[in-house]
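Each chain, letter by letter, is given below.
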Amino acid sequence: MSGPPEAMVVCRGVTKRYEGAEDGTLALAGVDLTVAPGELVAIMGPSGCGKSTLLHLIGGLDTPTAGEVEVTGQRMDRLSEARRAVLRRRSVGYVFQFFNLVANLTVADNIELPMLLVGAAPAEARERRAALLERLGLGDQHRKVPSQLSGGQQQRVALARALANHPPLLLADEPTGNLDTASARDVLALLRDEHAGGQTIVLVTHDERVAAAADRVLAMEDGRIERELRPAAGDDLGRALAGLLTPAPPGG
Ligand code: ADP
């Protein structure tokens, strides 16, 4: 039962039906997925196909209607809310579209606090914070509070905070959404570096440049993983995704 898990994430037959969904529509209709330690997996697909739901279930922010979700070898779906919160804090870094930065803390404190809470030395926390902000083009912003930053800047601070403690698993929903080209490039470069350093990452993206950096791209449709592509192995993302992301012709 000890030692590093063979899989960082395992989903078996994961199904999600939201309360009140009319006609019993499933947000997820039986997803099987294994993410190996160190893998970068990108989830793509049209709006409403279940990408965010899958990310939330993997992150333990919600529970599946049926099926199993395992993170670092632990059954996330079987834990009580309190134990799930502990597993989340210990194992998962999140970058979601709502940024959740602490409004009355400076950028520096927002990023350093999670490190201090797990016992990092202040000097060490400061150093990692400075390095992360520098790589995200925010080296001179650390004294500001979140409301003094643009949405895109806050999003990058949230990424720095999520990575601060080297979580076993990083989950990111549209990490380059809302960003100008230069900022998106900084974020992608940081994700690539972290991935090269062994960080496991599962992200949702519409950005083909981000997808191209992934070991695997999961193309979702109607609550299912319809296709798996491997950009690094030469799969032509552009062509494969063009077909998938374009609405099917009526009656087809
Ligand atoms: P995506 O991230 O691919 O846009 P989502 O996972 O957000 O898709 O949504 C999948 C489906 O579940 C959609 O039909 C959406 O309307 C529905 N859905 C998502 N969140 C909720 C919720 N909290 N309550 C009810 N329905 C939801």
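Residues numbered from 1 in each chain as written. Predicted model: local features only at pLDDT ≥ 70, side-chain atom pairs only at ≥ 80, totals over all residues. Heavy atoms only, no water.

Asker: Can you help me understand the pairing of strand β4 (residues 66–71) in this one?
Answerer: In the case of a regular strand, side chains alternate between the two sheet surfaces. The sheet contact formed by strand β1 (residues 9–16) and β4 spans five bridges and is antiparallel. Within the sheet, the bridge partner assigned to valine 10 lies in β4 and is glutamate 70. Pairing of β4 with strand β5 (residues 74–75), which is carried by two bridges, proceeds in the antiparallel orientation. Looking at the pairing, glutamate 70 lines up with arginine 75 of β5. What sits between β4 and β5 in their antiparallel hairpin is a turn of two residues, with threonine 72 showing a positive phi close to 45°. (Pairing = 2+ DSSP bridges. Helix = DSSP H or I, 4+ residues; strand = E, 2+ residues; numbered from the N terminus.)

Asker: What is the right way to read the packing of helix α3 (residues 107–117) against helix α4 (residues 122–135) from this model?
Answerer: Running from N to C, α3 and α4 point in directions that differ by 130°, and their axes come no closer than 9 Å. The orientation of α3 relative to α4 falls into the category oblique. The hand of the α3/α4 crossing is right-handed. For the pair α3 and α4, the contacting residues are Val107, Ala108, Ile111, Glu112, Met115 and Leu116 in the first and Pro122, Ala125, Arg126, Arg128, Arg129 and Leu133 in the second. (Axes fitted to C-alpha atoms, helices over the stretch in contact; angles between N-to-C directions. Parallel < 35°, antiparallel > 145°, perpendicular 65-115°, else oblique. Left-handed = near helix turned anticlockwise from the far one by under 90°. Contact = heavy atoms within 4.5 Å.)

Asker: So what exactly am I meant to see when it comes to the nonpolar core here?
Answerer: The nonpolar side chains of soluble globular proteins are, as a tendency, buried together. With 39 residues, the main nonpolar core has Ile111, Val157, Leu159, Leu170, Leu203 and Val217 as its most contacted residues. Listed by contribution, the elements that provide at least two residues to this core are β3 (40–44), α3, α4, α5 (151–164), β7 (169–173), α6 (181–196), β8 (200–204) and α7 (208–212). Among the elements that line this core, the one with the most residues is α5, at seven residues. The contacts of leucine 203, once residues within four sequence positions are left out, are Leu40, Val41, Ala42, Ile43, Ala172, Pro175, Leu191 and Val210. Counting residues in hydrophobic clusters, the runner-up holds 28 residues, among them Val9, Val69, Leu79 and Val204. (Core = buried A, V, L, I, M, F, W, Y, C linked by side-chain atoms within 4.5 Å. Buried < 20%, exposed > 50% of the residue type's maximum accessible area, 1.4 Å probe, protein only.)

Asker: Honestly, the environment of histidine 56 in this entry has me stumped. Any pointers?
Answerer: Here histidine 56 shows up in helix α1 (residues 51–58). According to the relative accessible area criterion, histidine 56 is partly exposed, its value standing at 23%. Contacts of histidine 56, omitting those with residues within four sequence positions, involve Leu61, Asp62 and Phe96.

Asker: What exactly am I supposed to notice about the packing of α5 against α6 here?
Answerer: Describing two packed helices takes the angle between their axes plus the distance from one axis to the other. Where α5 meets α6, the axes come as close as 11 Å, and the angle between the chain directions of the two elements is 10°. As far as their axial angle goes, α6 and α5 are roughly parallel. When α5 is examined against α6, the residues Arg156, Leu159 and Leu163 are found in contact with a partner set consisting of Ser183, Val187, Leu190, Leu191 and Glu194. Within the contact of α5 with α6, the residues separate by chemical class into five nonpolar, one polar and two charged. (Nonpolar A, V, L, I, M, F, W, Y, C, P; charged D, E, K, R; others polar.)

Asker: Looking at this model, I keep getting lost on the site of the ligand. Mind explaining?
Answerer: Near the ligand the following residues occur: Tyr18, Ala27, Pro46, Ser47, Gly48, Cys49, Gly50, Lys51, Ser52 and Thr53. Side-chain polar atom of lysine 51 to an oxygen atom of the ligand: 2.8 Å apart, as the coordinates give it. Serine 52 is positioned with one of its side-chain polar atoms (N or O) 2.8 Å from an oxygen atom of the ligand. Protein chains bury 55% of the 560 Å² of accessible surface belonging to the ligand in isolation. A class-by-class count of the residues in the shell around the ligand yields four nonpolar, five polar and one charged. (Near = heavy atom within 4 Å. Polar contact = N/O pair within 3.5 Å; in protein donor to acceptor, adjacent residues only side chain to side chain. Areas by Shrake-Rupley, 256 points an atom, 1.4 Å probe, with all protein chains shown as cover.)

Asker: What's the story with the sheet that holds strand β9 (residues 216–221) in this structure? I'm lost.
Answerer: In sheet architecture, strand pairing relies on hydrogen bonds along the backbone and comes in two forms, parallel and antiparallel. Strand order in the open sheet formed by six strands is β6-β7-β8-β3-β9-β10, with mixed pairing between adjacent strands. Two strands close off the open sheet at either side, each with one partner strand: β6 (92–95) and β10 (224–229). Neighbour-to-neighbour, the strand axes of this sheet turn through a mean angle of 20°, independent of strand direction. Strand direction decides the pairing type here: β9 and β10, joined by five bridges, are antiparallel. Its bridge partner being in β10, glutamate 221 is matched across the sheet by arginine 224. Sheet contacts for helix α2 (residues 81–91): β6 and β7; angle to β6, the most-contacted strand, approximately 80°. Against the sheet, α5 makes contact with β6 and β7, and its axis sits at roughly 175° relative to β6, the strand it touches most.

Asker: Would you mind showing me how to read the side chain of glutamine 199 here?
Answerer: If you trace the backbone, glutamine 199 turns up in the loop between α6 and β8. The buried category is assigned to glutamine 199, whose relative accessible area is 7%. The residues touching glutamine 199, leaving out its near neighbours within four places in the chain, are Gly38, Glu39, Leu163, His166, Pro167, Pro168, Leu169, Leu170 and Glu194.

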